[in-house]
Amino acid sequence: MRKVIGIGETVLDIIFRDGQPIGAYPGGSTFNCIISLGRCGVDTMFISEAGNDRVGQTIIDFLKENGVDASAVNRFPDSKSPLSLAFLNEQNDAEYIFYKDHPHDRLDFSYPDIQRDDIVVFGSYYALNPVIRPQVKGLLDLARQRGAIIYYDVNFRPSHRNEVVKLTSNLLENLEYADFVRGSREDFETLFKMTDADRIYNAEISFYCKKFIFTQGAEPVELRADSSLQRSYPVPPTATVSTIGAGDNFNAGFIYGLLHEGITRDQVEMGFRSEQWDAVIGYAQQFSAECCKSIYNYVSKEFGKNMKI
């Protein structure tokens with residue numbers, strides 16, 4: 001059975017509406033993606049660290065409850081769980097404040113058993129953080145060597161805008177490792193001051209990675225692949241409760257689509273047929289819309305049961 005291995009941060013998301021907290025849920029960009037895949041019966045593993053506190057234990061228990069292998073989640077004696085405050089506006093979009101001591105990040109894990117056609121997903125600041133770069137790079141080297149498919153979600157927050165120059169070499173290296181790159185309009189506006197999919201692909205992405213998915217909220221999803229394929233996918237209207245996790249679940253749906261459609265490393269290298277792209281992007285949009293229907297960061301357990309692979 002093919003595995004999906006995620007590496008990323010864990011946080012406790014505390015969600016506010018009208019200035020008052022309305023919920024607190026385990027989260028993190030890749031974490032949310034992996035939870036949704038676990039709920040769909042996918043063989044999943046998550047590599048990370050969690051605080052040596054009550055919140056950290058809650059996060060590990062939550063992974064296990066959702067069918068995710070949490071054996072590579074470290075807990076160091078003096079570590080505290082990071083927090084994210086998410087303030088929902090009238091459109092149910094979130095503005096974030098993060099509380100995490102990045103200079104004290106640590107990561108220590110045994111490399112997992114990665115096989116050809118497994119999928120490795122990574123992204124956000126975690127994928128760029130100089131402190132843990134050797135470990136992240138080591139995992140990506142192993143994934144490439146073993147013939148896994150690598151999916152990179154740029155997910156670069158404005159709160160790290162002042163670090164762009166320092167992190168650029170790691171960003172470019174990540175683009176080079178990736179078989180698929182997914183990024184939002186906000187990511188590239190922050191990184192490159194660009195918001196046009198063609199311009200971003202031609203100037204910043206295509207030299208490193210040929211398959212690029214550009215998301216922009218309720219506006220169409222833009223696909224640029226293998227230098228000549230251009231497709232645009234309208235976003236179906238959805239009544240949103242919260243957009244927290246929308247992008248993370250787009251990633252989950254995309255990866256689910258790769259598995260459901262039986263897309264292998266060889267097919268990734270040869271290039272997709274347009275109907276394969278349609279199917280995979282369709283799942284990505286379905287997962288994203290499902291996540292937006294609730295306050296949670298992942299698809300519902302009922303949705304997961306119906307999508308079991």
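Preceding block: the structure.
Note that this is a predicted model, so its numbers are computed, not measured.

### With respect to the pattern of salt bridges
In step 1: Scanning all chains against the criterion turns up 14 salt bridges.
In step 2: The salt bridge involving Lys137 is made with Asp141; its shortest N-O contact spans 3.6 Å. Of this pair, Lys137 and Asp141 are both found in helix 3 (residues 133–146), 4 residues apart, which corresponds to roughly one turn of the helix.
In step 3: Judged by its relative accessible area of 28%, Lys137 is partly exposed.
In step 4: Accessibility expressed as a relative area gives 32% for Asp141, which makes it partly exposed.
In step 5: For the salt bridge of Lys166 with Glu163, the shortest nitrogen-to-oxygen distance reads 3.3 Å.

### Brief notes about the environment of Phe16
In step 1: Following the sequence through the fold, Phe16 ends up in strand 2 (residues 11–17).
In step 2: Note: C-alpha distance between Phe16 and Glu95 (79 residues apart in sequence) is 9.8 Å.
In step 3: Sequence-distant contacts of Phe16, defined by excluding residues within four places in its chain, comprise Pro21, Leu85, Ala86, Phe87 and Leu88.

### Quick notes on the pairing of strand 8 (residues 119–123)
In step 1: Counting buried positions along strand 8 yields 5 of 5 residues, so the element is predominantly enclosed.
In step 2: Alternating residues of strand 8 divide into Ile119, Val121 and Gly123 and Val120 and Phe122, and every residue in both groups is buried.
In step 3: Strand direction decides the pairing type here: strand 1 (residues 3–7) and strand 8, joined by 4 bridges, are parallel. Within the sheet, the bridge partner assigned to Gly6 lies in strand 8 and is Val121.
In step 4: As defined by bridge partners, strand 8 adjoins strand 9 (residues 149–153) across 5 bridges and the pair is classed as parallel. Residue pairing across strands places Phe122 opposite Tyr152, the latter belonging to strand 9.
In step 5: Read as a crossover between parallel neighbours, the route from strand 8 over helix 3 to strand 9 is right-handed.

What counts, and at which threshold
- The numbering scheme is per chain: residues are counted from 1 as the chain's sequence reads.
- The predicted nature of this model means local features are confined to residues of pLDDT at least 70 and side-chain atom pairs, given and counted, to a pLDDT of 80 or more, with totals for whole chains, interfaces and linings taken over all residues.
- Water and hydrogen atoms play no part in the side-chain values, which are based on all heavy atoms of the structure.
- When a carboxyl oxygen of Asp or Glu is within 4 Å of a side-chain nitrogen of Lys or Arg, the pair counts as a salt bridge.
- In this text, helices come from DSSP runs of H or I with a minimum length of four residues, and strands from runs of E with a minimum of two, each type numbered from the N-terminal end.
- Here the term buried applies to any residue with accessible area under 20% of the maximum for its type, exposed to any over 50%, and partly exposed to those in between, with areas from a 1.4 Å probe on protein chains only.
- Note on contacts: a residue pair is in contact if any heavy atoms of the two residues lie within 4.5 Å.
- Following DSSP output, two strands are said to pair if at least two bridges run between them.
- Call a crossover right-handed when, viewed with both strands pointing away from you, the route from the first strand across the helix to the second goes clockwise.

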